[in-house]
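Chain by chain, the residues:
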Amino acid sequence: MSAKPILYYAPRSPPCRAVLLTAAALGLELDLRLVNVKAGEHKSAEFLKLNAQHTIPVLDDNGTIVSDSHIICSYLADKYAPEGDDSLYPKDAEKRRLVDARLYYDCGHLFPRIRFIVEPVIYFGAGEVPSDRVAYLQKAYDGLEYCLAEGDYLVGDKLTIADLSCIASVSTAEAFAPIEPDQFPRLVQWVKRIQALPYYQKNNQEGLDMLVGLVKGLLAERQQK
Ligand SMILES: N[C@@H](CCC(=O)N[C@@H](CS)C(=O)NCC(=O)O)C(=O)O
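Each chain has its residues counted from 1, running along the sequence as written. Local features in a predicted model are, by the rule used here, given only for residues with pLDDT of at least 70; side-chain atom pairs are given and counted only at 80 or more, and totals for whole chains, interfaces and linings are based on all residues. Only heavy atoms go into the side-chain values, all of them from the structure, while hydrogens and water stay out.

As recorded in an unreviewed UniProt entry, the protein goes by the name Glutathione S-transferase 1, listed as coming from Drosophila mauritiana.

Okay, structure coming up:
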């Protein structure tokens, strides 16, 4: 029998939380191994052998190494979905294309705009969040609002890994760049819908609270000086 897949991760990281949510949606247990990015553990020779791009999350599924959260979520959903239920990552080419497009939107637009807000504070001593970065992040919300015109989820009427990846980013973004309900009413409702999932609190909210507490705490400390 093969061992549980190992996930190298940190709970406060949005891409890691996307993987935790996906594993939970699949009912899959992971062997969680903490990586302390602040202490530079992601740059150790051992870790670089797993992922030369030195990012977390990284999955080691009995020797199959997968990096990038979006690819990990697709891999897990393809491999571990219950027999006959491909709803999290549909095999139908047309639906899969849409799921992939939302995953790439997270990877190319949402998460990078968040990291330019939180990483300068955590790693480079920034004492404030520039307002243009907040505005730039808020500009990315419309790409999701538009998708939600078609159904309750980012691709139609069923939850997919696109929702689980994007919620990890959007829930983080929201803490720094509020979502205007008049401008993005469907997005506000979608956030509430995903927050109601039974595995949301443990797999997203706890790490999110850690990240927001850390960043806001550092900002408050620096603003007092
Ligand atoms: N596109 C990647 C981004 C992963 C990423 O940048 N993770 C951050 C933590 S939230 C990290 O590992 N940073 C360390 C580094 O970039 O060296 C994914 O979705 O997995």
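Working definition: the strands of a sheet are paired by backbone hydrogen bonds and lie parallel or antiparallel to each other. Any two strands are treated as partners once DSSP identifies two or more bridges connecting them. Numbered from the N terminus, helices here are DSSP runs of H or I no shorter than four residues, and strands are runs of E no shorter than two. Strand order in the open sheet formed by 4 strands is E2-E1-E3-E4, with mixed pairing between adjacent strands. Two strands lie at the open edges of the sheet, namely strand E2 (31-34) and strand E4 (64-67), each paired on one side alone. Recorded for the sheet is a direction-independent mean angle of 20° between the axes of neighbouring strands. One ladder, built from 4 bridges, connects strand E3 (residues 58-61) with E4; its direction is antiparallel. Paired with Asp61 across the strands is Thr64, a residue of E4. With axes taken as lines fitted to C-alpha atoms, and helix axes fitted only over the stretch in contact, angles between N-to-C directions fall between 0 and 180 degrees.

Take the domain arrangement of the protein next. Taken domain by domain, the protein holds domain 1 (6-80) and domain 2 (93-224). For domain 1 and domain 2, the distance between their C-alpha centres works out to 19 Å. When domain 1 packs against domain 2, the two sides together hide about 1900 Å² of surface, and 67% of this comes from carbon and sulfur. Arg96 is the salt-bridge partner of Asp78, the closest N and O atoms lying 2.7 Å from each other. Polar contact is defined as a pair of N or O atoms within 3.5 Å, subject to the rule that within protein one atom must be able to donate a hydrogen and the other to accept it, and that residues adjacent in sequence are counted only when both atoms are side-chain atoms. Run the count over domain 1 and domain 2 and you get 6 residue pairs in polar contact (both at pLDDT 80 or more). Secondary structure elements with two or more residues in the side of domain 1 that touches domain 2: helix H1 (14-26) and helix H3 (69-80). Looking at the side of domain 1 that touches domain 2 element by element, the count peaks at 9 residues for H1. We call Asp, Glu, Lys and Arg charged. Ala, Val, Leu, Ile, Met, Phe, Trp, Tyr, Cys and Pro are nonpolar, and the rest, Gly among them, are polar. Looking at the side of domain 1 that touches domain 2 residue by residue, the classes come out as 11 nonpolar, 3 polar and 5 charged. What marks off one domain from the next here is an automatic or database domain assignment. Buried area, as used here, totals the accessible surface that two parts lose on assembly, with accessibility defined by a 1.4 Å probe and the loss added over both. Salt bridges, as used here, are contacts in which a Lys or Arg side-chain nitrogen is within 4 Å of a carboxyl oxygen on Asp or Glu.

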